[in-house]
Amino acid sequence: MTDVTREIVVDLDALRHNIDMLSARVAPAEVMVVVKNDAYGHGLLDVATTSVQAGVTWIGALDVPTALTLRRGGITPPTRIFAWLIDPEEDLAPAIAAGIDLGISTVPQLETAAASTDAAAARIHLKIDTGLHRNGATAEDWPRLVERARELEQRGVVEIVAIWTHIAEASDDEDTQSIRRFEAAVDAARGLGVRAPVRHLAASAAAYARSDARFDLVRLGAFVYGLPPGDGPSAEDMGLRQAMTLRARVTTVESAPDGRRRASIDLGYADGISTFAPGRIDVAIHGRRRPLISPLEVDRAWIGLDGDTDVSVGDVVTLWGDGSAGEPTLQQWGDATSTMSEELVVRLSPSIPRRIV
Amino acid sequence: MSGPHELHPAPPRRAVISLETVRSNTRLLLDQPSSGRVVADLRGDAYGHGAAAVATALDDLQLDAFLVSNETDAQAVDALALSTPSILRSRLVPDSTTLLGPQLFGLDSAELRDPRARGLLPALTLSARVLSVKTVGAGEGVSYGYVYRTPRATTLAMVCLGYSDGIDRHACDGGRAWFAGSTHPIAGRVAMDVFMLDVDDSPVSPGDEVVLFGDEQHGYPSPVAWAGALGKTGAEVTASLGDRIVRSYR
Ligand SMILES: Cc1ncc(COP(=O)(O)O)c(C=O)c1O
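Position labels on residues start from 1 in each chain and follow its written sequence. Here chains are named by letter from A upward and ligands by number from 1 upward, in the order in which they appear as written. Given that the model is predicted, a residue must reach a pLDDT of at least 70 before its local features are reported, and side-chain atom pairs must reach 80 or more before they are shown or counted; all residues, however, enter totals for whole chains, interfaces and linings. Each side-chain value is derived from all of the structure's non-hydrogen atoms; neither hydrogens nor water enter the calculation.

J.: Describe the overall build of chain A, listing the residues and the values that go with them.
T.: The way it works is that DSSP assigns letters per residue, a run of H or I at least four long becomes a helix, a run of E at least two long becomes a strand, and they are numbered from the N terminus. Counting its secondary structure elements, chain A contains 11 helices and 16 strands. Each radius of gyration is computed over the set of C-alpha atoms, and the globule rule expresses the reference value as 2.2 Å times the number of residues to the power 0.38. A globule of 357 residues ought to have a C-alpha radius of gyration of about 21 Å, and chain A, at 23 Å, matches this closely. Here the C-alpha coordinates of chain A stretch approximately 75 × 40 × 35 Å along the principal axes. Only protein chains enter the accessibility calculation, which uses a 1.4 Å probe; a residue whose area is less than 20% of its type maximum is buried, one above 50% is exposed, and one in between is partly exposed. In chain A, which comprises 357 residues, the proportion classed as buried is 60%. A sequence separation of at least 24 residues applies to 63% of the contacts in chain A between residues at least 6 apart. Surface accessibility follows the Shrake-Rupley procedure with a 1.4 Å probe radius. Residue values consider only the protein chains on display as shielding. As presented, chain A carries roughly 13,400 Å² of accessible surface, and 48% of it is formed by carbon and sulfur atoms. Any pair of residues with heavy atoms lying within 4.5 Å of one another is described as a contacting pair.

J.: I'd like to hear about the overall build of chain B, residue by residue, with values.
T.: Check the secondary structure of chain B and you find six helices and 14 strands. In terms of overall size, chain B behaves like a compact globule, its C-alpha atoms giving a radius of gyration of 20 Å where 250 residues would be expected to give roughly 18 Å. The principal-axis extent of the C-alpha atoms belonging to chain B is close to 60 × 45 × 30 Å. Counting only residues that meet the buried cut, chain B has 55% of its 250 residues in that class. Nonlocal contacts in chain B, meaning residues at least 24 apart in sequence, comprise 70% of its contacts between residues at least 6 apart. Of the roughly 10,200 Å² that chain B leaves accessible, carbon and sulfur atoms contribute 52%. His is not counted, nor are the chain ends; Lys and Arg add positive charge and Asp and Glu add negative charge. Here the site of a charge means NZ on Lys, CZ on Arg, CG on Asp, or CD on Glu. In chain B, which carries 22 positive and 29 negative side-chain charges, the distance between the mean positions of the two groups comes to 3 Å.

J.: Describe the domain arrangement of chain B, naming the residues involved and giving the relevant values.
T.: Residue and element names in this part refer to chain B. Reported domain spans reflect what an automatic or database domain assignment gives. Domain boundaries assigned for chain B yield domain 1 (19–112) and domain 2 (124–249). Buried surface at the junction of domain 1 and domain 2, summed over both partners, amounts to about 910 Å²; 64% is from carbon and sulfur atoms. Just to be clear on terms, a salt bridge is a Lys or Arg side-chain nitrogen sitting within 4 Å of an Asp or Glu carboxyl oxygen. The interface formed by domain 1 and domain 2 includes zero salt bridges. By the criterion applied in these results, polar contacts are pairs of N or O atoms within 3.5 Å in which, for protein atoms, one can donate a hydrogen and the other can accept it, and in which residues neighboring in sequence qualify only through two side-chain atoms. Applying the counting rule to domain 1 against domain 2 returns five residue pairs in polar contact (both at pLDDT 80 or more). Lys, Arg, Asp and Glu make up the charged group, whereas Ala, Val, Leu, Ile, Met, Phe, Trp, Tyr, Cys and Pro make up the nonpolar group; the residues left over, Gly among them, are polar. Split into classes, the residues belonging to the side of domain 1 that touches domain 2 amount to six nonpolar, five polar and one charged. What counts as buried area is the accessible surface, traced by a 1.4 Å probe, that two parts surrender upon association, with contributions from both included.

J.: Tell me about the site of the ligand, and please be specific about residues and values.
T.: Put simply, a residue is near a molecule or strand once any heavy atom of it comes within 4 Å of that molecule or strand. In the vicinity of the ligand there are 14 residues, among which A:K36, A:Y40, A:S204, A:R219 and A:A222 approach most closely. At the ligand, the nearby residues belong to more than one chain, namely chains A and B. In the model, a nitrogen atom of the ligand is placed 2.7 Å from a nitrogen or oxygen of the A:R219 side chain. Burial of the ligand by the surrounding chains reaches 92%, relative to a free accessible area of 400 Å². Of all elements in the fold, only α2 (36–41) and β9 (217–220) of chain A reach the threshold of two or more residues within the shell around the ligand. When its residues are assigned to classes, the shell around the ligand shows eight nonpolar, three polar and three charged.

J.: Break down the packing of helix α1 (residues 19–31) of chain B against helix α3 (residues 51–58) of chain B for me, citing the residues and quoting the values.
T.: Residue and element names in this part refer to chain B. Convention adopted: a line fitted to C-alpha atoms gives each axis, helices being fitted over their contacting stretch, and angles between N-to-C directions are expressed from 0 to 180 degrees. Contact geometry of α1 with α3 gives a least axis separation of 10 Å together with a crossing angle of 55°. When the axes of α1 and α3 are compared, the pair comes out oblique. The element α1 and its partner α3 pack so that their crossing is right-handed. Here α1 contributes L19, V22, R23 and T26 to the contact with α3, which in turn contributes A53, V54, A57 and L58. Reported orientations rely on four angle classes, namely roughly parallel under 35 degrees, roughly antiparallel over 145, roughly perpendicular from 65 to 115, and oblique for the rest. Each crossing is labelled by how the near helix is turned from the far one, with a counterclockwise turn of less than a right angle marking it left-handed and a clockwise turn marking it right-handed.

J.: Residue-level account of the packing of aromatic side chains, with values.
T.: Any Phe, Tyr or Trp ring, taking Trp's six-membered ring, that has another such ring centre within 6.5 Å forms a pair; planes under 30 degrees apart are called stacked, those over 60 apart edge-to-face, and the others tilted. What the rule picks out here adds up to 10 aromatic pairs over all chains. Relative to B:Y220, the ring of B:W178 has its centre 5.0 Å away and its plane inclined at 80°; by these criteria the two rings are edge-to-face. Here B:W178, found in strand β10 (residues 176–179), pairs with B:Y220, found in the loop between β13 (209–213) and α5 (223–229); they are 42 residues apart in sequence, far enough to count as distant. Taken together, A:F82, A:W84 and A:W164 form an aromatic cluster joined through their ring pairs. To sit over a ring, a charge needs its Lys NZ or Arg CZ within 6 Å of the ring centre and within 35 degrees of the ring normal. Against the face of A:Y208 rests A:R25, its NZ or CZ located 3.6 Å from the ring centre. The aromatic ring of A:W302 is capped on one face by A:R262, whose charged end is 3.6 Å from the ring centroid.

J.: Break down the pattern of salt bridges for me, with residues and values.
T.: Pairing is possible between side chains of opposite charge, provided their charged atoms come close. Applying the stated criterion to the full structure yields 43 salt bridges over all chains. For A:R241, the salt bridge is made with A:D11, and the minimal N-O distance between the two is 3.3 Å. On the criterion of sequence distance, the pair formed by A:R241 in the loop between β9 and β10 (244–255) and A:D11 in the loop between β1 (6–10) and α1 (12–26) is long-range, its members being 230 residues apart. Ionic pairing is found between B:D200 and B:R152, a salt bridge with its closest N-O pair at 3.4 Å. A residue pair is termed long-range when its members are at least 10 positions apart, and B:D200 in strand β12 (residues 195–200) and B:R152 in the loop between β8 (148–149) and β9 (154–159) qualify at 48 residues. A residue is classified by how much of its surface remains accessible, and B:D200, at 29% relative accessible area, is partly exposed. Salt bridges here are not isolated pairs; linked through shared partners, they connect A:K36, B:R13, B:D165, B:D193 and B:R244.

J.: Would you mind going over the nonpolar core in detail, with residue names and values included?
T.: Formed by 191 residues in total, the largest nonpolar core has its most connected members in A:V33, A:L102, A:W142, A:Y225, A:L319 and B:L42. No other element matches α1(A), which puts seven residues into this core. Those residues within four positions of B:L42 in sequence are excluded, and the remaining contacts are B:A51, B:V54, B:A55, B:F66, B:L67, B:V68, B:L104 and B:F105. Nine residue types can take part in a nonpolar core, namely buried Ala, Val, Leu, Ile, Met, Phe, Trp, Tyr and Cys, and a core is a set of them joined through side-chain atoms within 4.5 Å.

J.: Explain helix α3 (residues 44–53) of chain A to me, and be specific about the residues and the numbers.
T.: Residues and elements named next belong to chain A. Buried residues of α3: L44, V47, A48, T50 and S51, and no others. Looking straight down α3, one finds its buried side chains confined to an arc of 165°; they lie on one side. Where α3 is buried, its residues touch α1, β2 (30–34), α2, β3 (58–62) and α4 (64–72). The directions considered for the arc run from the helix axis to the C-beta atoms.

J.: Talk me through the sheet that holds strand β2 (residues 37–41) of chain B; I want residue IDs and the actual numbers.
T.: Pairing between strands is defined by DSSP: at least two bridges between them are needed. The strand order across the open sheet formed by four strands is β4-β3-β2-β5 (chain B), and the pairing between neighbours is parallel. Looking at strand neighbours, the two that pair on one side only are β4 (86–87) and β5 (97–100) of chain B, the edges of this open sheet.

J.: Outline the confidence of the model for chain B, supporting the account with residue identities and numerical values.
T.: All names here are of chain B. Mean pLDDT over chain B works out to 94, with 97% of the residues at or above the 70 mark. Note that residues 1–6 has pLDDT below 50 and, in this model, five contacts with residues that lie over four places away or in other chains. In the predicted complex, the global pTM is 0.96; the interface-specific ipTM is 0.95. What pLDDT reports is the predictor's confidence in each residue, on a scale of 0 through 100.

J.: Break down the interface of chain B and chain A for me, citing the residues and quoting the values.
T.: With 51 residues of chain B in contact, the opposing surface of chain A contributes 47 residues. Buried surface at the junction of chain B and chain A, summed over both partners, amounts to about 3,800 Å²; 54% is from carbon and sulfur atoms. Put simply, chain B and chain A have eight salt bridges between them. Residue B:R43 is joined to A:D299 by a salt bridge in which the shortest nitrogen-to-oxygen separation is 3.6 Å. Taken together, the links from chain B to chain A amount to 22 residue pairs in polar contact (both at pLDDT 80 or more). For the side of chain B that touches chain A, the secondary structure elements donating two or more residues are α2 (43–47), β6 (124–136), β7 (141–142), β9 and α6 (234–239) of chain B. Tallying contributions element by element places β6(B) first for the side of chain B that touches chain A, with seven residues. A class-by-class count of the residues in the side of chain B that touches chain A yields 22 nonpolar, 15 polar and 14 charged.

Here is the structure:
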């Protein structure tokens with residue numbers, strides 16, 4: 001840290017390590033790196049560019065605006081960019097012209113895509129709902145969606161690239177049922193004339209754990225950033241490295257109204273620090289753990305110093321990281337604040353400076 | 001491509017802020033006797049309401065200063081060339097200053113639990129678009145972990161706000177949002193970018209609008225009630241809304 005009072009540090013080596021490890025583990029399935037929400041707070045273009053350099057051929061963008069930002073930022077074909085959160089009010093023509101792959105769940109979305117093509121056919125991934133009940137066609141609506149897509153494919157306005165779903169990670173049994181439903185939907189689509197679609201179903205957890213969930217392609221977000229689920233094996237145990245460190249400098253040291261020594265940092269709830277954190281998690285100063293204490297203010301947090309007399313203004317506080325400076329990991333933060341590490345990283349304010357190492 | 005005569009569609013995630021409400025709340029608070037300096041607390045980008053817009057709207061109300069979080073915000077407010085100066089916390093004299101913060105926006109805080117009882121109204125209405133709808137049978141699990149099961153055959157609307165926008169992942173535990181005249185339960189864990197609303201048999205289509213909180217006079221959940229269900233204050237909720245939510249003013 002130089003002259004800033006707080007910073008996010010992103011370790012691209014950790015990212016590359018995770019991509020290599022996960023790619024080897026899921027092979028022969030391919031990897032899509034999911035970069036939604038500013039790459040889970042790690043920096044959209046840095047993460048996408050690093051992924052492509054590491055050999056990744058698919059980038060998961062979430063929506064069309066993000067996909068177009070990636071194309072403008074230099075993520076060009078042959079790298080595929082996938083957008084699946086489609087706004088009914090949105091013009092899809094720029095996405096199709098930029099060669100963005102679109103996740104399609106309904107006939108109206110399909111018609112919009114087909115009507116928005118100019119020269120090239122719209123590349124589409126048809127989504128089946130296998131239990132999560134967010135988007136995706138129900139089993140009932142599936143044949144109609146596939147048939148209409150086939151008609152449009154024969155007219156040359158769309159190309160059915162893939163069939164996909166997203167699962168609930170509710171339990172192994174529930175996920176197995178989703179896998180069965182997915183296989184049935186793929187079979188039904190083949191029966192309706194869809195040839196050799198790319199099949200994708202799994203996000204991080206299922207891709208890591210289950211070979212029967214990997215199919216041709218897996219969509220990896222959390223694990224790429226070294227963020228394992230809560231209450232389970234640590235990143236290290238899983239061969240992953242947490243890429244993000246959050247640090248701040250001590251801005252005041254004083255005696256609280258109750259007489260106890262405390263230090264403040266310029267990170268508050270408006271910066272994305274969880275209001276459930278004080279009293280439940282420690283941070284590290286000089287390699288030693290100190291508790292985050294109440295109150296969490298809008299733009300600062302307090303750390304209890306107790307007997308620690310050698311903390312002064314300007315000292316570095318590590319809130320989370322890979323543990324190497326004595327700090328807790330994001331998994332431990334998620335467990336302590338009753339959420340998942342993903343919620344903690346995507347809620348960080350973009351006003352916190354980010355440094356890539 | 002959209003032609004020149006087509007209106008740009010409204011953004012899918014919106015926070016509409018009534019500056020008139022902020023002004024009338026401020027006037028009400030200034031009517032109360034206070035000693036010393038009166039400073040408007042616009043930290044955390046005015047608790048998510050936009051410090052520059054709020055400072056401009058309050059400039060003629062004879063406040064002594066605008067308190068902001070950092071140099072960047074101070075520069076943004078100073079660039080407006082207002083008559084009220086911006087200050088940082090280091091220049092605040094606590095004992096002789098009345099600080100008006102969340103209450104300006106009709107929000108609760110540890111100091112003021114029930115702003116409406118004081119006539120202070122919420123200034124921010126948070127809403128988002130329905131992206132898709134689907135009908136499902138009874139007893140179906142919804143969203144990650146299937147923590148919600150449909151109590152009956154119903155319609156689910158997928159709404160484009162998620163925890164990355166500042167809607168807590170556990171807002172399903174009692175959280176309700178307004179659609180078409182009444183409130184409905186959030187069905188299942190809030191995901192990173194969307195949540196599902198169980199609208200029962202209300203007719204709903206992609207493109208419709210769902211309101212998470214706003215002025216309860218319109219039937220919306222109030223920010224105080226919304227935040228309370230999450231174990232938070234309204235100020236904590238609005239200050240941590242994400243920047244994908246497009247702010248506009250009226
Ligand atoms: C459709 C889809 N695929 C993949 C992912 C990545 O999930 P994870 O971060 O668990 O790897 C997400 C993120 O939620 C998603 O929405």
